[in-house]
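# Reading the structure
Residues per chain, in single letters:
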Amino acid sequence: MVSLSQNLLHAAFFLYLAATVLFAGAIKDKRAKSKEAGPNKWGKLAILITLIGFASQLGYFITRWIAGGHAPVSNMFEFTTFFGMSLVGAFIVIYFIYQTPFLGVFTMPVALLLIAFASMFPNDISPLIPALQSEWLYIHVTTAAIGQAVLAVSFAAGVLYLVKDIDQTKPSKRTFWLEAVMYGLVVTLGFIIISSVFSAMDYKAEFNWIDKGDQQVKVEYNMPALTGPHKGELLTEGKFDPLVEMPAIINAKKLNTVIWSFIVGSILYALIRLILRKRIGAAIQPLVKKISLDLVDEIGYRSVLIGFPIFTLGALIFAMIWAQIAWTRFWGWDPKEVWALITFLFYAAFLHLRLSKGWHGEKSAWLAVIGFAIIMFNLVAVNLILAGLHSYAG
Amino acid sequence: MLKNVKCECGHVNPHGTIFCESCGKILEESEKDKKLIDMRYEGSARRSQTYNKTIIDKIWNFFSSVKVGVWLIVVTLVASAIGTIFPQEMYIPPLMPASEYYEDQYGFFGKLYYQLGFHNLYSSWWYLILIASIGVSLIICSLDRVVPLYRALKVQRVTRHEGFLQRQRLFGVSQGDKLEDSYEKVKEKLKAKRYHVREEDGNILAEKGRFSRWGPYVNHVGLIIFLIGGMLRFVPGMYVDKVLWVREGETKVIPETDGEYYLKSNRFILEVYDKDKDNEVFGDAIDRAGMVAKNYQSNVTLYKKKGDTVPGEKPELEKVKDFPIRVNEPLKFENFALYQSTYKLDELNKMTFALSEKQTNQEFGTVTVDLYDPKEKFDLGNGYSVEIVSYFPDFEFDENGEPVTKSRIPNNPAFVFKMNTPDKPDGEVSFVAIKQTIEPFGDNTYKMAFKGIETKNVSGLTVRKDLTLWIIALGGLVFMIGVIQGAYWNHRRIWIRRVNNEVWVAGHTNKNWHGLKREIGGVLEGTGINEPVDQVQEKQEK
Amino acid sequence: MLQIKEKGNNNMKKKRLVMRTVILTVLIAAVAYTLYANFTKDDVKKVAVGETAPDFALVDMNGEQHRLSDYKGQGVFLNFWGTWCKPCEKEMPYMDNQYQQFKDEGVQVLAVNVGDSELAVNKFADRLGGLSFPIVIDKDGQVQTAYGINPLPATFMIDKDGKVVKYHTGQLTEEMIKDLMESVKP
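Small disclaimer: the values here were computed from a predicted structure and weren't measured.

## Let's talk about the interface of chain C and chain B
At the interface, 42 residues of chain C touch 51 residues of chain B. Both faces combined, the contact of chain C with chain B buries some 4,000 Å², and carbon together with sulfur accounts for 66% of it. Counting the surface chain C buries against chain B, the share from its top three residues, Arg20(C), Leu119(C) and Gln142(C), is 18%. Inspection of the region where chain C meets chain B yields three salt bridges. As a salt-bridge pair, Lys123(C) and Glu376(B) come within 3.0 Å of each other at their nearest N and O atoms. Here chain C and chain B share 12 residue pairs in polar contact (both at pLDDT 80 or more) between them. Listed by contribution, the elements that provide at least two residues to the side of chain C that touches chain B are helix H1 (2–40), strand E1 (57–59), strand E2 (65–67), helix H3 (118–127) and helix H4 (142–147) of chain C. For the side of chain C that touches chain B, the element with the most residues is H1(C), which contributes 18 residues. In the side of chain C that touches chain B, the residues fall into 18 nonpolar, 10 polar and 14 charged.

Okay, here's the thing in C-alpha cells:
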C-alpha cells in the first residue's frame, strides 16, 4: 500500500509536468490562431492531463491514509504535498470558471516545486504523537492548506500580471524585484536538485559537537559540511571537513543546507541568464502578450476573496478550537500562531486596500507576491528555524 | 451652513450627499464631470467627511478612515513579527531569569531585544494600545458607514435619473420599438436567476444579494465581540490558569475551586509506539526518531467535598467520577477543565537500606524510608537500631560545604544516619546520598547499604476555567458569518429604463464584474435588447 | 421656515456631537481599564489586603488543633515557611523574640509549614533551639491553595476582626516584625 501510494504521487508529479508544457503550448498556439472562443485543443488536453494527475495524487492521499491509519497531513512532507495538491485543485476550479490556460503555466510550476520541495523531507509514515490524535488534525490542517492554496493562486496571477505589465526595456526597481521572485524560485529548485543529488549518493557524515547546553551530541549531515557545528569533531572518515565553525546557537546543519541551495541556485540562475541573454521576467514576457490584464487582476482578487475566509476558518478558527482542547489555551503567541495572524492581517489589509481603485492592478499584484512570501515563511522558516510548538527537525 | 439637500425627485438628502439616495441625480457639482460615479457608499455622505469642527469630530474622523485602519493593521502585523525573532519569555527554558537569558543565548541582539521589552511584546502597553485602536477603529468606521448605507439602499428608487444610469460602469442603449414581449421575457429570466424584480412606470430594478453588503459590518461586529471577550479575561474570576501536580495515590485539592473539588491520581501511563505491536508501517519512522510517544494518560478520580470544612481539616469526600485524562481529552466539571499537560516519571518515593557490617557484609535488618514522611527511629531488634539525624530531600552542598536541601521534593535524597549497634553503643554516624557515602567522624564499622527504591509517577495537570470562551467563540462565529456573507455573494443590480423610444440598461455590482456581465448577457439573450458596454474596459482598451 | 430648519439642523449637530462624545468616552474607558487590569494582574492576590482571611484548622507539633477563627479578638501573625527556605530560617529567631514580647498583648503567631515531613520540621525546630510559637504543617496543600501562596516566606497580618491588614513576602527584619505585630495589636 505504501509503495502504491508513492508511485501514485510520482505519477501525479510527471502528469503535472506534462500539463505545464501543454498549457505553455496552449498560449503559444493562441498567437498563431485568431481570437477563438474558449480554449484550443492544447488547452483541453492540458486540463485533462491535470485532472488525471490530480486524481492520481488524490489516490496517493487516500492510500497513504489507509496505510497509516490517520490523515496524511502530520509532518512537513505530508503537509506540503497536500498543499501542492490543493493548489492544483484550486487552479482546476478557477480554470473552469475563467477558462485560463495561461494561469496554468504559472500555477502548475509552483505546485511542482512544492511537491518536489516536500519530497526532500523524511517521508516515512510516522505514528501520531498524543497531541495530534484528534479529528481536528484533518479539519484544521486540511482547511488551512486549502485556504493557503487558494491564496497561492493569487500569487500565480500576481506574477503573471507583473510579467506582462512591467516594462523590461530598461532596468528599474520593478524589474529587479520581479527578477528577485524568479531567483527565489530558482533557489528553491537549487535546494531540490542538490538535496536529491546528495541523497542519491547517500552522503552521510557524522559529527560530535557541543550544543548550547554544553552537552555533547551527535549530528548527521547529508551534505558536505561547509558550515560545521560548534566544536565539531568529524567521526565518519574521509568525509568533508567543515570550512567554517558555527557558534552553538546556530543550527549549522540547516545553515549548511541553505548555503548549498543558494550556491546551486545561483549557478543555475547564472546559467539560465546566460542562455536566455535577458532577465527571466523579460524572457517570459512575450508568452503572455495576449492576456487581458483586467482579467488577471480579477482572478487575483477573487482568489483572495475566496481563499481568505477558508484560510481564516482553517488556520485561525479551527486552530484556536484545537489549541484550546489540546494545549489548554486557544492562543499562546507561539510563532506559528503569530505568523498565521500576520498572514490574516496582511490579506485583510489587501482586501481593504482594494476598496481604493488606485490599488487595483500592479499594486495588487505585488501585494499578492508578498502575501505568498509570508505564507512560505510560515511554512518553512517557522517550522524549521524558529523554535516553537510546530517545530520539526527537518 | 449645513443644510440638507432636496433633490428634484422630492427626496431630501443629508448634507454632503454626492448623488441622490433615491433617484441618483448628481448633487455635487464637481462630480458631474466624472465619467463614472463612485458607487461605494451609494452616493451617501460618509458622515465624518462632512462634520469636522470640534476635537471630538477630528478624533472620530481619524478612526473612521480606512487608510488609518490599514495602517493600524500593517503596524500590528510588523510588530507581531518582531515578537517571533527570539522566543518570548513564556517559552524560554527555566534555566535563568530572562534578564540574563537573552544576552546569554543571543549576545548583543538578545540583550537589546530584552531591553526594548520585546521578550514580552504581546502584553506590552503599546501592543495593547494597537489592538485597542483597531477595536476603536472597527466600531467607529462601521457606525459611520453602515447607517448611511442602510438608508440609501432603503430609499433607492426603481426609476433612476438618466445621469445616474449613464455613469454606471455597465451601460447601454437600445432602440426600442418592438420590445413589449421582450420586457416580459427579461422579467422572467431575471426572476429565474433569483433577482428580486420591482417595476414602476414600465421601468425595472432587478436586485439580488443585497444582504452581502452587510457582510463587512457583520464581520466587524464579530471582531468587536471577540475583542470584548479578550478584554473580559482581565476581570478577576473570569480566567484561571493553574498547574496541579498529583502523585500516583495522592489526593489533592484542585486550586481555585474554593476547596470544593479534589483529585486523586490512580495511575499515570506513558505509552510509546512499539515496532512489533503497532502498525509495521511505522517502523522506519520509529527507528529514525528513536522513540515516539503514543499516549500520555492520567487515570484520576474526581471528588466533591461533602459538608462544610475549613482548609486543613480532613474533608469528607464524595466520589464524582473516574476519568482517564489524555491529551485532547480533558476532564470537565462545572466551568473547569483539567488537561493532561506534563508529567514526571519515576519520582523517588521510598528508599530501602540495610544496616550492614562493612567487613563481613552481614546485614542486621532493613530500613524503608518514606521520602515524604520519614520515620525518625527504626528499631531492628537485637539492639540494632537506626536513627535519621538529618534528612535532605533535594540535597546539595552550600557555600560552606554544609549539606542543605533545595526543596521538599525528593529529587536527590540524602541522610545523616546514626547506626546504633550493641558493639557501638554511642552509635556511628554516616552521611548517605545517591552514589555517595561520607563518614564524617572517621572510619565506621557499619554502613547503610542501598537496597532499592520505589518510584511513583507524577501527573502535571493544567487547571483551566475560562468564562470568556463563549464570548470569544461567538465573536469568531459572527466574524466568519460576516466574512462569508460578504465574500461569497455579490450585490447585483440591473436597471432597465424606457427613455423616449429607447431602452436604457445599466448594471452594477460591488464585486465580480465578470460574473455580472455574463449574467446580464444570459438575461438579454434573444430579447433584442443590447448588452450594456463595460465603460471601464472600453477606456482601458483605448 | 429657514430658521426652523436651521434650528433643526443645530439640534441634529448637537445630538451627533453628544453621541460621538459618549461613544468615544466609553471606548477610552474600556481601553484604560484593560491596560490597568493587565498591568496589575500579577499583583492581584488571592487574599488581598482588606479581605477576610480564609479560615483554616491545622494540628501543631504537640497535637493541638489551631483554628484561625478561634483567634478572633486577637491579632495574628500568619507566616508561611519551608525547611529548605533560607530566609524563612533567618527570620524565625526574630519572630520568636517578638512573639515573647507581644503574646501577652494579644498577638498570636501561627507558622504554617508548606508540607515538609514531620521529621524535617522537628529537626528544623531543634536546629533553631526550639521555637515558642505553634508550628503547623499543611500536609495536603489546602491552606496554601486557599491563600494562593507562591513565593516564600509569606506573612499575613490579620487583625482582631479577622481581616488581612498587611501582606509581606520575603525575609523580615526584627524591626519589621515588631512593627507588623504592633499593627494588629487589639
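## Quick word on helix H4 (residues 101–118) of chain A
Between the first and last C-alpha of H4(A) there are 26 Å, a value that for 18 residues agrees with the 26 Å anticipated at 1.5 Å per step. Burial analysis of H4(A) places 17 of its 18 residues in the buried class, which makes it a mostly covered element.

## Considering the packing of aromatic side chains
Residues and elements named next belong to chain B. Taken as a whole, this structure holds 66 aromatic pairs over all chains when the rule is applied. Residues Phe 86 and Tyr 106 carry aromatic rings whose centres are separated by 4.2 Å and whose planes lie at 20° to one another, so their mutual orientation is stacked. In this pair, Phe 86 sits in the loop between helix H3 (66–82) and helix H4 (98–115) while Tyr 106 sits in helix H4, placing the two residues 20 residues apart along the sequence. The class for Phe 86 is buried, based on a relative accessible area of 14%. When the ring of Phe 364 is compared with that of Tyr 384, the centres are 4.3 Å apart and the planes differ by 10°; the resulting orientation is stacked. Here Phe 364, found in strand E13 (residues 363–370), pairs with Tyr 384, found in strand E15 (residues 384–392); they are 20 residues apart in sequence, far enough to count as distant.

## Some thoughts on the sheet that holds strand E23 (residues 502–509) of chain B
Residues and elements named next belong to chain B. Spatially, the six strands line up as an open sheet ordered E4-E5-E22-E23-E3-E24, and their pairing is antiparallel. Bordering the open sheet on either side are strand E4 (196–200) and strand E24 (533–534), each of which pairs with just one other strand. Judged from the five bridges that link them, strand E5 (residues 203–208) and strand E22 (residues 492–499) form a sheet pairing that is antiparallel. If you follow Leu 205 over to E22, its bridge partner there is Trp 495. Sitting on the sheet, helix H11 (residues 513–524) touches strand E3 (170–175), E5, E22, E23 and E24, and the angle it makes with E23 is about 150°.

Conventions we followed
- Residues numbered from 1 in each chain as written.
- Chains lettered and ligands numbered in written order.
- Predicted model: local features only at pLDDT ≥ 70, side-chain atom pairs only at ≥ 80, totals over all residues.
- Heavy atoms only, no water.
- Contact = heavy atoms within 4.5 Å.
- Buried area = accessible area lost by both parts, 1.4 Å probe.
- Salt bridge = Lys/Arg side-chain N within 4 Å of Asp/Glu carboxyl O.
- Polar contact = N/O pair within 3.5 Å; in protein donor to acceptor, adjacent residues only side chain to side chain.
- Helix = DSSP H or I, 4+ residues; strand = E, 2+ residues; numbered from the N terminus.
- Nonpolar A, V, L, I, M, F, W, Y, C, P; charged D, E, K, R; others polar.
- Expected span 1.5 Å × (residues − 1).
- Buried < 20%, exposed > 50% of the residue type's maximum accessible area, 1.4 Å probe, protein only.
- Phe/Tyr/Trp six-rings, centres within 6.5 Å; stacked < 30°, edge-to-face > 60°.
- Pairing = 2+ DSSP bridges.
- Axes fitted to C-alpha atoms, helices over the stretch in contact; angles between N-to-C directions.

Interpretation in functional terms is not warranted from these geometric data alone.
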